[in-house]
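# Structural features, examined
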Amino acid sequence: MACPPLVNGRIWTLNDFEVGRALGRGKFGSVFLARERDSKYIVALKVLFKNQLEKHNLETQLKREIEIQYHLRHDNILRLFGYFHDSTRVYIVLEYAGRGCVYDLLKKEKKFSAPRSASYIKQVADALHYCHQKKVIHRDIKPENLLVTADDKVKLADFGWRLSDLFTFRRSTVCGTLDYICPEMLENRVHNYTVDNWSVGVLLYEFLCGEPPFVMEGPSDTMERIRKAQYKFPGSLPDGARDVITKLLHKEGNKRLPLPDVITHEWIVSESNKYEAASK
Ligand code: AMP
């Protein structure tokens, strides 16, 4: 879809929007379906409470992260059209993704077929490669932070917003989900853009198997398995998928499969082609 007439540096207020049903709820506020009055353009309006942001000292970080997402332009990155505020709330105007988040889709459907998994992974890898070229590391790739549009396009959202964990509380771990964290971040070591490559491997595993590779009863067991990059494949997993996952879930960041090689991997190409052909 072409850019809506929402951009061009216009200053928005709540009066510019007709606000509809809630799309989701979180600790600092909620996300609503909304329509810009003049253009009738449909958006998602994220509403955050200033007092909550202040309490958690997150205002500066929020501004910085809004700024990052605002400047990224890629077919698989959720557009952030702008933001405004009143005395109590901050409003973020986002592209609307009609099918909601991948986390909810996975919860409902348990797992995805190989063609659909490959197609989604190809889109995520492409978006992340674009981010890395712009020196942006996402650091928080997980099904909660991926949205799907009505025409089945995957969109990366929540750009390093440390808020997202606090905001959603969807998983049961103490401080957000551990399942997608790579060994170097877990151990607080120096890390680089290859942290995202690791998460792509975890994501592909969860798409195909219905649960992430390192999930255990307690967080300390999960952490131990992540540190050792220790996981098992179910017997039914195709060789091509095993190959991609094994090459991404490497303990050492610089040995992880580069994202352009994920996109052109034989299994990813053949499976995603099947998916795209079936969707036509
Ligand atoms: P969040 O707190 O940003 O994870 O949003 C909570 C929920 O609101 C998500 O799980 C989605 O179901 C929904 N949501 C958030 N942003 C959007 C969007 N841009 N388009 C459609 N639904 C969204």
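Because the structure is predicted, anything quoted here is derived from the model rather than measured.

## Some words on the confidence of the model for the chain
Averaged over every residue, the pLDDT of the chain is 89; residues scoring 70 or more account for 90%. Low pLDDT, under 50, characterises residues 1-5; the predicted model gives this stretch seven contacts beyond four residues in sequence or across chains. Segment residues 162-175 is flagged for pLDDT under 50; beyond a separation of four residues in sequence, or across chains, it makes 39 contacts in the model.

## Looking at the packing of helix α4 (residues 114-133) against helix α7 (residues 194-209)
Axis separation between α4 and α7 bottoms out at 10 Å; the angle between their running directions is 165°. Taken together, the axes of α4 and α7 lie roughly antiparallel to each other. Note that α4 runs across α7; the crossing there is right-handed. Of α7, the residues touching α4 (which contributes A114, S117, Y120, I121, V124, L128 and H132) are D196, N197, V200, L203, L204, F207 and L208. Of the residues contributing to the contact of α4 with α7, the split by class is ten nonpolar, three polar and one charged.

## Describing helix α3 (residues 102-109)
For α3, the complete set of buried residues consists of V102, Y103, L105 and L106. One face of α3 carries all of its buried residues, which in axial projection span an arc of 165°. Summarising the geometry of α3, the exposed residues directed more than 90 degrees from the buried face are K107 and K108. Check the buried side of α3 and you find it contacts β6 (100-101), α4, β7 (146-148) and α7. Just downstream of α3 lies K110, where phi reads positive at about 70°.

Cut-offs and rules
- Residues numbered from 1 in each chain as written.
- Predicted model: local features only at pLDDT ≥ 70, side-chain atom pairs only at ≥ 80, totals over all residues.
- Heavy atoms only, no water.
- pLDDT = per-residue confidence, 0-100.
- Contact = heavy atoms within 4.5 Å.
- Axes fitted to C-alpha atoms, helices over the stretch in contact; angles between N-to-C directions.
- Helix = DSSP H or I, 4+ residues; strand = E, 2+ residues; numbered from the N terminus.
- Parallel < 35°, antiparallel > 145°, perpendicular 65-115°, else oblique.
- Left-handed = near helix turned anticlockwise from the far one by under 90°.
- Nonpolar A, V, L, I, M, F, W, Y, C, P; charged D, E, K, R; others polar.
- Buried < 20%, exposed > 50% of the residue type's maximum accessible area, 1.4 Å probe, protein only.
- Arc of directions from axis to C-beta.

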